[in-house]
Number of protein chains: 2
Amino acid sequence: MVKLAIDMMGSDLGPSELAKAVIQYEKENEDVSFLLFGDEKVLTPLFAEDSKRRTEIVNTGKVIPMEIKPLDFLRAKDSSQYQAVNAVKEKKADGIVTAGSTGGFVIGSTILLRNIENVTRAGLCSPFPTSVPGKAAVILDIGANNVNTSEDLYGFAKMGSIYAKEILNMENPSVYTLTNGQEEGKGTDEIVGAYKLMKEKNLPGFKGNCEARESLDGHHDVIVTPGFVGNIYLKAVEGTASMMNDMIKKAFKKSLKTKMGYLLAKEGFKEMKTNMDYRRFGGAIFLGVDGVAVKAHGNSNAYAFYNAIGVADKMVKSDIIKKISEAFHD
Amino acid sequence: MVKLAIDMMGSDLGPSELAKAVIQYEKENEDVSFLLFGDEKVLTPLFAEDSKRRTEIVNTGKVIPMEIKPLDFLRAKDSSQYQAVNAVKEKKADGIVTAGSTGGFVIGSTILLRNIENVTRAGLCSPFPTSVPGKAAVILDIGANNVNTSEDLYGFAKMGSIYAKEILNMENPSVYTLTNGQEEGKGTDEIVGAYKLMKEKNLPGFKGNCEARESLDGHHDVIVTPGFVGNIYLKAVEGTASMMNDMIKKAFKKSLKTKMGYLLAKEGFKEMKTNMDYRRFGGAIFLGVDGVAVKAHGNSNAYAFYNAIGVADKMVKSDIIKKISEAFHD
C-alpha cells in the first residue's frame, strides 16, 4: 500500500478541485491511500461520500502563504504544508503532494526531509511540452536555488536522467547543459565546469550544450541549468506560450468570418492544445531530497492534481529515492 | 549628411538582400550615404544601376565566421566587419550596421570603438514584440556579457531608457529588473544590488522587479538583466514562439476542413504575424560603446535590414551617443 500525504490547502482553485482528484485516484487505485492535511471543517464535507475508505483527514491550522521565509515556515508547525511534509519525514507517508506555496514546499522539504547523502543541492525538476507530441523535455533546476556549482549541475544531470527513465519511461535519455552557445566553453564558469565534469565522468547520455531556442524541439531529454536561470527560462516559455495563446484567440475572434474559420479549424487546434497542456505532467518534482516530494501547479484543477498524485505514486513504486541514493554512492 | 558603414558580408541570405535594403534606403533618404564593405566582385553588380550616387564600395578580404575569438578578429583586419567597425572608429562613418557574426561585432565594437566614459559594460539591447500590438519591450543585455555587476545593470537601465525614449519614442519608459519574483530581495546578488542602486539613485521610471512571465505584457518598457540570463531569455522566447508558429501551421494543415478554416481565419492571423514579426525592429543595438553600432539578425531579408539601417540612421540623428555620455557624467 502506497500512502500519500496531501496538502489540501493553499492552491488557487481551492480544496474542492484537489478533493475531486483524490477521490478519483483513490477509486482507480486500490493500493493507494491518503493522509489529507487541511481544515477539517472544509474537508469533511468534500469526502463525505463513498471515498472514506482509504482517506484520513488530519486537521491543521494556518495556511502557508505564497511567499514565506524559512524561519516563518518552521514556526508554522500546525500548517497543512508543514504537517504534510513532516508526515513523510516521520515515515507516516511515502510521499507528499502540494499545490500550495512553492517557497514553503522547497524550504520544508529541504529542512525536514534533507538531501540524500552526497547530493550537494536538490533541484526542482519539471517536464515541458515539446514540438514532438507526447514527448517531454525534463528541465532542472527551475528555481529551488539561485546559484549552483558545477557539482550541483552534475548532480542534477544524474537525478534528471533517473527521473526521465523511471517516471517518463525514456530509454537512454540525452543530457544537455543549457547555455548560450553549442560549443564547449560557452556560458558562465559553473556551466563550463559542469560540461567538463560530465565529460570526464562519462555521464551516460551527455551530449553537450544546448541553447534555449532548440531546447523544446523534442530531441533534448534532460536539460540542466542553475536555478535562477532555469526559473527565468521556465517563465519566459510560459509567458510566451500564454501571450501567443491570447493572440490565437484574438485572431479567431476578429470577425464573423474568422469565427467561422475557427469552427472549421478547431479540430487541428485541439491537438495543439492537448500537446501544450502542462497540466498533464502534474507539476514539478523536488529531486535530491530524501523523500518523494511533488509540487503541483498553484492553479491546479482536478485533472492536473490527479496527474501530480500519479507522479508521486509512480515515484514511490519505482523506488526512485533508493535509485538516486545508489547513483550518488558510486 | 549621415554616413553609414555597412558590412555587406556574413549574413545568412547573402549580400543581395542587404543590397536591396541599402538601395531602397538611399532612394528614400537623401541625407544618408553609405560606405559598403565587402567583396567588390560580388557587390559591384548589385549596385550597378541608379543608386551609385551615394554609395561607395570598399573591397575587403575574408568574412568573419559566426564564432570567432578576440585575437582572431583583431588579426582579420581586411575583413568586411573589421573594416566597417573601424570606419566608425576613424570617423569615416557615423555608424555601423552588420548582419554578420554577433561575436565579431561585439568584440570589434568593444575593442575598436571602446566604451563611452564611465560605462562599465556595454550591452546588447533588443526590442521585443509584446501582447500590445505595436508596443515593444526593450531588453538588455541579451548576450554581450556573461556576468554583470549591479553597477553594469544600473548602466543598462540608464542606456535602455535613453534608447526607448529617443528611438522608440516612449515617454517616461518604465524600468524593471528581470528576476524570479516581484518582491525586493528576489534574485541573485547582482540583481538585488541593482534594485538597491536604482532605488537609492532614484532612477527615473524604476518600478522594481519583473518576472519573465509578465515581461511581454506591454506594460514593461525597459528590462535589465545580466547578459547570460538575457541570452537564455531571448532564445526561450524565440524558441517558444517558433514552436507555436509551427504548431499553428500544423493545426491548419490537418485536414481539408482545417485548411478551409484557415482561408476564413487568415485575416485574424495576419495581424498576429505582423505583431510578432521581430524583423520590423531591425535587430539589436550595442549600447554603451562610443559609436552607433547595430546588429541586424543573421537571417535578415531586405525588410529587416532596411529597418536596421533605419535604427542606425535615427540613432545618429538623435545624437544618442552624446546623450548617453551626458547621462554617465551626472
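Scoring rules and cut-offs
Residues numbered from 1 in each chain as written. Chains lettered and ligands numbered in written order. Predicted model: local features only at pLDDT ≥ 70, side-chain atom pairs only at ≥ 80, totals over all residues. Helix = DSSP H or I, 4+ residues; strand = E, 2+ residues; numbered from the N terminus. Rg over C-alpha atoms; globule rule 2.2 N^0.38 Å. Buried ≥ 20, exposed ≤ 12 C-beta atoms within 10 Å, placed from the backbone. Contact = placed C-beta atoms within 7 Å. Expected span 1.5 Å × (residues − 1). Arc of directions from axis to C-beta. Domains from an automatic or database assignment. Nonpolar A, V, L, I, M, F, W, Y, C, P; charged D, E, K, R; others polar. Least-squares fit on C-alpha atoms with pLDDT ≥ 70 in both. Pairing = 2+ DSSP bridges. Right-handed = clockwise from strand over helix to strand, strands pointing away. Axes fitted to C-alpha atoms, helices over the stretch in contact; angles between N-to-C directions.

1. Focus: the overall build of chain A
1) Next: Looking only at helices and strands, one finds eleven helices and eleven strands in chain A.
2) Next: By the compact-globule yardstick of 20 Å for 330 residues, chain A fits well, its C-alpha radius of gyration being 20 Å.
3) Next: For the C-alpha atoms alone, the extent of chain A along its principal axes is close to 65 × 60 × 35 Å.
4) Next: Looking at chain A residue by residue over its 330 residues, the buried ones come to 55%.
5) Next: Residue pairs in contact within chain A that sit at least 24 positions apart in sequence constitute 71% of those at least 6 positions apart.

2. Some details on helix H7 (residues 189–200) of chain A
All names here are of chain A.
1) Next: For H7, with twelve residues, the first-to-last C-alpha span of 16 Å sits near the 16 Å given by 1.5 Å per residue.
2) Next: Taken together, the buried positions of H7 are occupied by Ile191, Ala194, Tyr195 and Met198. Projected onto a plane normal to the axis of H7, the buried residues spread over an arc of 100° and lie on a single side. Exposed positions of H7 whose direction lies more than 90 degrees from the buried face are Asp189 and Glu200.
3) Next: Residues of H7 that are buried sit in contact with helix H6 (150–166), strand S7 (175–178), strand S8 (206–210) and strand S9 (222–224).
4) Next: Asparagine 202 lies just past H7 and shows a positive phi near 50°.

3. A short note on the domain arrangement of chain A
Residues and elements named next belong to chain A.
1) Next: Taken domain by domain, chain A consists of domain 1 (1–119 + 288–330) and domain 2 (121–283).
2) Next: Taking the mean C-alpha position of each, domain 1 and domain 2 sit 25 Å from one another.
3) Next: Counting from both sides, the interface comprises 24 residues of domain 1 and, opposite them, 15 residues of domain 2.
4) Next: In terms of residue count, the dominant contributor to the side of domain 1 that touches domain 2 is helix H10 (residues 302–317) (eight residues).
5) Next: Residues that form the side of domain 1 that touches domain 2 fall into these classes: 13 nonpolar, eight polar and three charged.

4. Considerations on the interface of chain B and chain A
1) Next: Contacts between the two partners involve 49 residues from chain B, matched on the other side by 49 residues from chain A.
2) Next: When contributions to the side of chain B that touches chain A are tallied by element, the ones reaching two or more residues are helix H8 (227–252) and helix H9 (256–276) of chain B.
3) Next: The leading source of residues in the side of chain B that touches chain A is H8(B), at 19 residues.
4) Next: Looking at the side of chain B that touches chain A residue by residue, the classes come out as 23 nonpolar, 14 polar and twelve charged.

5. What to know about the relation of the copies chain B and chain A
1) Next: Note on the identical chains: chain B maps onto chain A by a rotation of 180° and an axial translation of 0.0 Å, with an RMSD of 0.0 Å. Both chain copies can therefore be described as sitting about a two-fold axis. Ranked by how close their C-alpha atoms come to the rotation axis, the residues of chain B are headed by B:Gly261, at 1.9 Å.

6. As for the pairing of S7(A)
Residue and element names in this part refer to chain A.
1) Next: Here S7 shows no split at all, with Val175 and Thr177 on one side and Tyr176 and Leu178 on the other all buried.
2) Next: Judged from the four bridges that link them, S7 and S8 form a sheet pairing that is parallel. If you follow valine 175 over to S8, its bridge partner there is phenylalanine 206.
3) Next: Handedness of the crossover is the feature at issue here: the chain leaves S7, passes through H7, returns alongside S8, and the resulting connection is right-handed.

7. Regarding the sheet that holds S9(A)
Residues and elements named next belong to chain A.
1) Next: Spatial ordering of the open sheet is given by S3-S2-S1-S4-S11-S10-S5-S6-S9-S7-S8, a layout of eleven strands whose pairing is mixed. For this open sheet the edge positions go to strand S3 (55–59) and S8, each flanked by a neighbour on one side alone. Across this sheet, the average inter-strand angle for adjacent strands is 25°, counted without regard to direction.
2) Next: Relative to S9, S7 runs parallel, the two being bridged by three bridges. Counted as the bridge partner of tyrosine 176 is isoleucine 223 from S9.

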